[in-house]
Amino acid sequence: MTKMLNVNIDTNGIDQQEAQDWVSELANVYADMEIEDVKVSGNNISFKAGLSGMEDTESDDVKMKIEEYLSMNEAFEVKNLSIK
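Rules used throughout
- Sequence order as written defines the numbering, with residues in each chain counted from 1.
- Note on the predicted model: pLDDT of at least 70 is required for a residue's local features to be given, and 80 or more for side-chain atom pairs to be given and counted; whole-chain, interface and lining totals, by contrast, use all residues.
- By convention in this description, side-chain values take in all heavy atoms of the structure and omit both hydrogens and water.
- Put simply, a patch holds well-exposed residues, over 30% relative accessible area, that have no salt bridge, with like charges counted together within 9 Å and Val, Leu, Ile, Met, Phe, Trp or Tyr side chains within 5 Å.
- Note on areas: Shrake-Rupley with a 1.4 Å probe; residue coverage comes only from the protein chains shown.
- Any carboxyl oxygen of Asp or Glu that lies within 4 Å of a side-chain nitrogen of Lys or Arg is treated as forming a salt bridge with it.
- We score Asp and Glu as negative and Lys and Arg as positive, and we do not count His or the chain ends.
- Taken as the charge centre is NZ of Lys, CZ of Arg, CG of Asp or CD of Glu, depending on the residue.
- Under the DSSP-based scheme used, a helix requires at least four consecutive residues in state H or I and a strand at least two consecutive residues in state E, with every element numbered from the N terminus.
- Note on classification: 1.4 Å probe, protein chains only; a residue is buried when its accessible area is under 20% of the maximum for its type, exposed when over 50%, partly exposed between these limits.
- Helix axes are fitted to C-alpha atoms over the stretch in contact, other axes to C-alpha atoms as well, and angles between N-to-C directions run from 0 to 180 degrees.
- When an angle is under 35 degrees it counts as roughly parallel; over 145 it counts as roughly antiparallel; between 65 and 115 it counts as roughly perpendicular; any other value is oblique.
- What makes a crossing left-handed is the near helix being turned counterclockwise from the far one by less than a right angle; a clockwise turn instead makes it right-handed.
- The contact criterion used is simple: two residues touch if any of their non-hydrogen atoms lie within 4.5 Å.
- Any residue that is not Ala, Val, Leu, Ile, Met, Phe, Trp, Tyr, Cys, Pro, Asp, Glu, Lys or Arg is counted as polar, Gly included; the first ten are nonpolar and the last four charged.

Trainee: Hey, could you run me through a negative patch on the surface in this one?
Mentor: Negative charge collects at one region of the surface, where Glu55, Asp56, Glu58, Asp60 and Glu67 lie side by side. Within the secondary structure layout, glutamate 67 lies in helix H2 (residues 59-72).

See the structure below:
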C-alpha cells in the first residue's frame, strides 16, 4: 500500500488547466509517484502524492521530487509548499 501525503502549493495565480497539466506531467516524469484528488482553486493547487508501494514515505521524499520538478518546469511562482 502506498502512503499518500497532502500537498498544498500556494502560487501567485495559475490557470486551472495549466495547473492540472503540470500535476499530470509531474506524475509522468516521476514514474514512482502516485497522484490523486487534484484540486485547483485560484492561487492554490492541492493533491495527494505518494511513492508507489512505499508505506514509509516521508514528506521530505515527496518535497524533494516536487522541488526538483519545479526547477525544471517553472510554470508558476511558488509562494508556499507544504506537505503533510
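What follows continues from the structure just given.
Trainee: Even after reading the chapter, I still don't get unusual backbone geometry, so can you show me in this structure?
Mentor: Backbone geometry places aspartate 37, a non-glycine residue, at a positive phi of 55°. Looking at the secondary structure, you find aspartate 37 in strand S2 (residues 33-41). According to the relative accessible area criterion, aspartate 37 is partly exposed, its value standing at 41%.

Trainee: I'm lost on the packing of helix H1 (residues 16-29) against H2 in this one. Help?
Mentor: Helix-helix packing is characterised by the crossing angle of the two axes and by the distance between the axes. In contact at an axis separation of 11 Å, H1 and H2 are set at 110° when each is read in the N-to-C sense. Taken together, the axes of H1 and H2 are roughly perpendicular relative to one another. Between H1 and H2 lies a crossing whose hand is right-handed. Taken together, the residues of H2 that come into contact with H1 (itself represented by Trp22, Glu25, Leu26 and Val29) are Lys65, Ile66, Tyr69, Leu70 and Met72. Class assignment of the residues belonging to the contact of H1 with H2 gives a composition of 7 nonpolar, no polar and 2 charged.

Trainee: Please clarify how the side chain of threonine 57 should be interpreted in this entry.
Mentor: Turning to its location among the elements, threonine 57 is positioned in the loop between strand S3 (44-51) and H2. Judged by relative accessible area, threonine 57 falls into the buried class, the value being 0%. Excluding its chain neighbours within four sequence positions, the residues that come into contact with threonine 57 are Lys3, Leu5, Leu51 and Val62.

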